[in-house]
Amino acid sequence: MKRRADFALWSRPVCVAPMGGGPTTPDLVAATADAGAFPFVGGAYLSAADLEVSIRSLAVRLQRPFGVNVFVPGRPTRDPAALDRYLAELGAEAASVGAELGHPRWDDDDWFAKIDVLVDAAPAVTSFTFGIPPRAAIDRLRRRGSLVMVTVTNVTEADAAVSAGADLLCAQGIEAGAHRATFDDTASDDELPTLELVTALRAHDRVPVVAAGGIATPTEVAAALAAGAVAVQVGTAFLRCDEAGTSTVHREALADPRFDTTALTRAFTGRRARGLVNGFMRRHPAAPSAFPEIHHATRPVRAAAARAGDADRVHLWAGTGYRHARSAPAAAIVDWLVSELFA
């Protein structure tokens with residue numbers, strides 16, 4: 001497939017975002033693919049072996065194209081003293097749910113082995129977040145027929161991704177739920193809204209752009225396409241659907257009037273991410289940039305809180321359109337999202 005050609009990996013211009021940590025299940029991937037959307041599988045936090053099993057089982061089940069997303073590894077925290085001070089704050093949080101902090105280790109998320117898995121599996125689209133993979137990896141994937149998509153948050157990142165050989169850009173606006181895709185978590189980014197970012201990227205006549213961030217209604221889908229996106233990537237709108245593996249405490253919080261806003265925080269993982277504002281976020285507003293060290297340290301606390309139904313000590317990732325997340329079959333949500341396009 002040519003880099004700049006019109007492409008139709010889906011019959012409807014909706015991509016289902018790779019929601020790690022449970023929400024994206026094989027049933028959700030299958031249901032949205034059957035409904036004409038293009039689903040992504042989240043490969044972050046999985047071992048390469050587990051990712052390979054997941055891809056192969058879905059390939060057999062679906063017989064339809066899908067994408068896989070992985071995190072580009074960063075580097076260990078630049079301020080270990082700040083990390084130590086922050087971890088000292090968290091002892092009471094862990095004790096409150098009967099847990100102990102995990103080891104705050106840095107790792108590359110099995111990066112090199114995952115690249116080999118992805119090259120071998122050659123999904124229709126391989127998506128990268130937090131940076132750009134080496135040019136050699138991009139070339140290997142493209143030779144196997146896998147389109148390479150890089151998530152960007154500003155024009156500078158987009159320039160670098162296109163220069164490196166990306167076939168697609170995922171334009172992540174500031175409204176997006178879960179982790180910000182900025183290449184450098186310690187640098188200030190432009191924090192552009194989704195439509196403004198899409199418009200800026202299309203003004204340079206680059207590769208095709210997929211819009212992501214705060215898109216949760218038919219009107220917002222239509223607006224993103226009108227701005228020049230070839231498709232939209234939607235995550236939060238599917239968090240409460242029947243097939244999602246979203247935890248009970250997370251599902252309930254999305255509809256709970258007590259949680260009335262979202263914000264960016266590093267408190268749970270050490271990397272900026274948008275979620276429903278809860279007690280943990282309020283108590284730890286100055287968490288340092290240290291990913292995945294803080295992710296590993298808080299993981300047992302978050303797991304214990306989820307089991308206990310404690311919504312104030314678990315991450316509740318959500319984009320700004322979270323009130324539009326509905327309890328319904330995934331296919332019905334896909335139908336609804338594109339309803340204004342075919343009215």
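Computed from a prediction, not measured in an experiment: that's the story for all the values here. (Residues numbered from 1 in each chain as written. Predicted model: local features only at pLDDT ≥ 70, side-chain atom pairs only at ≥ 80, totals over all residues. Heavy atoms only, no water.)

Asks: Outline helix H3 (residues 80-89), supporting the account with residue identities and numerical values.
Replies: Residues Ala-82, Leu-83, Tyr-86 and Leu-87 constitute the buried set of H3. Seen along its axis, H3 keeps its buried residues to an arc of 135°; they face one direction. Along H3, exposed side chains directed more than 90 degrees from the buried face belong to Asp-84, Arg-85 and Ala-88. Here the buried face of H3 lies against helix H4 (91-96), helix H11 (279-283) and helix H12 (293-308). (Buried < 20%, exposed > 50% of the residue type's maximum accessible area, 1.4 Å probe, protein only. Helix = DSSP H or I, 4+ residues; strand = E, 2+ residues; numbered from the N terminus. Arc of directions from axis to C-beta. Contact = heavy atoms within 4.5 Å.)

Asks: Can you break down the packing of helix H2 (residues 48-62) against helix H5 (residues 111-121) residue by residue, with the values?
Replies: At a minimum axis separation of 9 Å, H2 and H5 run at an interaxial angle of 20°. Considered as vectors, H2 and H5 are oriented roughly parallel to each other. For the pair H2 and H5, the sense of crossing is right-handed. Of H5, the residues touching H2 (which contributes Ala-48, Leu-51, Glu-52, Ile-55 and Arg-56) are Ala-113, Lys-114, Val-117, Leu-118, Asp-120 and Ala-121. (Axes fitted to C-alpha atoms, helices over the stretch in contact; angles between N-to-C directions. Parallel < 35°, antiparallel > 145°, perpendicular 65-115°, else oblique. Left-handed = near helix turned anticlockwise from the far one by under 90°.)

Asks: So, the pattern of salt bridges: which residues are in play, and what are the values?
Replies: Under the counting rule described, the total for this entry stands at 18 salt bridges. The closest approach of N and O atoms between Glu-191 and Arg-272, which form a salt bridge, is 2.9 Å. Pair noted here: Glu-191 is in the loop between strand E7 (178-179) and helix H8 (194-202) and Arg-272 is in the loop between strand E10 (262-265) and strand E11 (273-276), with a separation of 81 residues, a long-range link. When its relative accessible area of 13% is taken as the criterion, Arg-272 is described as buried. Taking the shortest distance from any N to any O, the salt bridge between Arg-258 and Asp-312 comes out at 3.3 Å. Here the residue Arg-258 occupies a position in the loop between helix H10 (248-255) and E10, and Asp-312 occupies one in the loop between H12 and helix H13 (330-337), the gap between them amounting to 54 residues. (Salt bridge = Lys/Arg side-chain N within 4 Å of Asp/Glu carboxyl O.)

Asks: Account for the packing of aromatic side chains, naming residues and giving values.
Replies: Following the criterion strictly, the structure yields eight aromatic pairs and no others. Each ring, one from Phe-71 and one from Phe-291, has its centre 6.2 Å from the other, and the planes form 65°; the classification is edge-to-face. In this pair, Phe-71 sits in strand E3 (residues 67-71) while Phe-291 sits in the loop between H11 and H12, placing the two residues 220 residues apart along the sequence. Summarising the burial analysis for this pair, Phe-71 and Phe-291 share the class buried. Look at Phe-268 and Trp-317: their rings are 5.9 Å apart centre to centre, the planes differ by 85°, and that puts the pair in the edge-to-face class. (Phe/Tyr/Trp six-rings, centres within 6.5 Å; stacked < 30°, edge-to-face > 60°.)

Asks: Describe the sheet that holds E11, and please don't skip the residues or the numbers.
Replies: Here three strands make up an open sheet; going across it, the order is E7-E11-E10 and the pairing antiparallel. Bordering the open sheet on either side are E7 and E10, each of which pairs with just one other strand. Pairing of E7 with E11, which is carried by two bridges, proceeds in the antiparallel orientation. Paired with His-179 across the bridge in E11 is Ala-273. (Pairing = 2+ DSSP bridges.)

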